[in-house]
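Listed below, chain by chain, are the residues.
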Amino acid sequence: MRLAVGSGNPVKRRAVEQAIAETIDDPTVEAVAVDSGVSEQPRGREETVAGARNRARNALAAGEYDLGVGLEGGVGEVAGAEGLFLIMWVAVTDGEQVGLGSGPSFRLPASIGDRVAAGEELGPVMDDVLGEDDVAEKQGAAGALSAGVVDRDDALAAGVAAAMGPFVTGRY
């Protein structure tokens, strides 16, 4: 089975590989840079889900693939909770059906959330706060905010596993 991941980010490709390792025999996972059709820093669940769906559709259309996978990280408020949260959504499509899933959400510390709420992108803010380069392609905000217990690969893989449900089980 050939899967296209709608991103050039190696973390997203690894997350897909991790999520499907036990459910799909002999998969080929390819990273395909595609447009998300949303803001560089998606805000809110609706825009983040739309970015994941767009990436999945665009990845599938980029070649001869069985499934397109779109992973999108965003920030948003959560009803009943204070602050701004890192959110992650995943869409998987075969062109007819779409599976959706989300990874864990992490409340951003006020020092980070305030900067993102003011218009900065989370990735560069995390680079600045941690004094590192390309945090988004390494541990991600998830790794930094969980002291490495859950890194970005693990967090995104959970969302991929949830979105793959319709394609790996007969329950949908």
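In the block above lies the structure referred to throughout.
Conventions used here
Residues numbered from 1 in each chain as written. Predicted model: local features only at pLDDT ≥ 70, side-chain atom pairs only at ≥ 80, totals over all residues. Heavy atoms only, no water. Helix = DSSP H or I, 4+ residues; strand = E, 2+ residues; numbered from the N terminus. Rg over C-alpha atoms; globule rule 2.2 N^0.38 Å. Salt bridge = Lys/Arg side-chain N within 4 Å of Asp/Glu carboxyl O. Axes fitted to C-alpha atoms, helices over the stretch in contact; angles between N-to-C directions. Left-handed = near helix turned anticlockwise from the far one by under 90°. Contact = heavy atoms within 4.5 Å. Nonpolar A, V, L, I, M, F, W, Y, C, P; charged D, E, K, R; others polar. Buried < 20%, exposed > 50% of the residue type's maximum accessible area, 1.4 Å probe, protein only. Patch = residues over 30% accessible without salt bridge, like charges linked within 9 Å, V, L, I, M, F, W, Y side chains within 5 Å. Areas by Shrake-Rupley, 256 points an atom, 1.4 Å probe, with all protein chains shown as cover. Lys, Arg positive; Asp, Glu negative; His and termini not counted. Charge placed at Lys NZ, Arg CZ, Asp CG, Glu CD. Expected span 1.5 Å × (residues − 1). Parallel < 35°, antiparallel > 145°, perpendicular 65-115°, else oblique. Arc of directions from axis to C-beta. Polar contact = N/O pair within 3.5 Å; in protein donor to acceptor, adjacent residues only side chain to side chain.

**Brief notes about the overall build of the chain**
Part 1 of the reasoning: When helices and strands are tallied, the chain shows six helices and six strands.
Part 2 of the reasoning: Ordered by position in the sequence, the α and β elements of the chain form the string β-α-β-α-β-β-β-β-α-α-α-α.
Part 3 of the reasoning: Relative to the 2.2 N^0.38 estimate, which gives 16 Å for 172 residues, the radius of gyration of the chain is 15 Å and therefore close to what a compact globule would have.
Part 4 of the reasoning: In terms of overall dimensions, the chain has a C-alpha envelope of 45 × 30 × 30 Å along the principal axes.

**Quick notes on the pattern of salt bridges**
Part 1 of the reasoning: Here the structure, examined in full by the defined rule, presents six salt bridges.
Part 2 of the reasoning: Put simply, Glu17 and Arg13 hold a salt bridge, and the shortest N to O gap is 3.0 Å. On the criterion of helical spacing, the pair formed by Glu17 and Arg13 is a turn pair, its members being four residues apart in helix H1 (residues 10-20).
Part 3 of the reasoning: Residues Arg14 and Asp153 are paired through a salt bridge, measuring 2.8 Å at the closest nitrogen-oxygen approach. Pair noted here: Arg14 is in helix H1 and Asp153 is in helix H6 (residues 152-168), with a separation of 139 residues, a long-range link.
Part 4 of the reasoning: Among the ionic contacts, a cluster of salt bridges with common partners joins Arg115, Glu120 and Asp128.

**Let's talk about the packing of helix H3 (residues 110-117) against helix H4 (residues 122-130)**
Part 1 of the reasoning: The N-to-C vectors of H3 and H4 enclose an angle of 140°; their axes lie 10 Å apart at closest approach. You can see that H3 and H4 cross each other, and the crossing is right-handed. Across from Ile112, Arg115 and Val116 in H3, the residues of H4 making contact are Leu122, Val125, Met126, Asp128 and Val129.
Part 2 of the reasoning: By residue class, the composition of the contact of H3 with H4 is six nonpolar, no polar and two charged.

**Side note on unusual backbone geometry**
Part 1 of the reasoning: Of note in the backbone geometry, Asp26 takes a positive phi value of approximately 50° without being a glycine.
Part 2 of the reasoning: Position of Asp26 among the secondary structure elements: in the loop between H1 and strand E2 (28-31).
Part 3 of the reasoning: Overall, Asp26 belongs to the exposed group, its relative accessible area being 69%.
Part 4 of the reasoning: Positioned with a positive phi, Ala147 is a non-glycine residue whose angle comes to about 55°.
Part 5 of the reasoning: Mapped onto the fold, Ala147 is located in the loop between helix H5 (140-145) and H6.

**As for a negative patch on the surface**
Part 1 of the reasoning: The grouping of Glu132, Asp133, Asp134 and Glu137 at the surface amounts to a negative patch.
Part 2 of the reasoning: For Glu132, the location among the structural elements is in the loop between H4 and H5.

**Some thoughts on helix H2 (residues 44-61)**
Part 1 of the reasoning: Between its terminal C-alpha atoms H2 stretches 26 Å, which fits the 26 Å expected from 18 residues at 1.5 Å a residue.
Part 2 of the reasoning: Along H2, the residues classified as buried are Thr48, Val49, Gly51, Ala52, Asn54, Arg55, Ala56, Ala59 and Leu60.
Part 3 of the reasoning: Residues of H2 that are buried make contact with strand E1 (2-5), H1, strand E3 (67-76), strand E4 (85-93) and strand E5 (98-102).

**Quick notes on the packing of H1 against H6**
Part 1 of the reasoning: Where H1 contacts H6, the axes come no closer than 8 Å and their chain directions differ by 55°. Here H6 runs oblique to H1, going by the angle between their axes. You can see that H1 and H6 cross each other, and the crossing is right-handed. Taking contact as the criterion, the partners of Val11, Lys12, Arg14, Ala15, Val16, Gln18, Ala19 and Ile20 in H1 are, on H6, Arg152, Asp153, Asp154, Leu156, Ala157, Val160, Ala161 and Met164.

**A few points about H1**
Part 1 of the reasoning: Inspection of H1 places Val11, Lys12, Ala15, Val16, Ala19 and Ile20 among the buried residues, and these make up the whole buried set. Down the axis of H1, the buried set is contained in an arc of 155°. They therefore lie on one face.
Part 2 of the reasoning: Against E1, E2, H2, E3 and H6 lie the buried residues of H1.
Part 3 of the reasoning: The N-cap residue of H1 is Asn9: its side-chain oxygen and the backbone nitrogen of Val11 are 2.8 Å apart.

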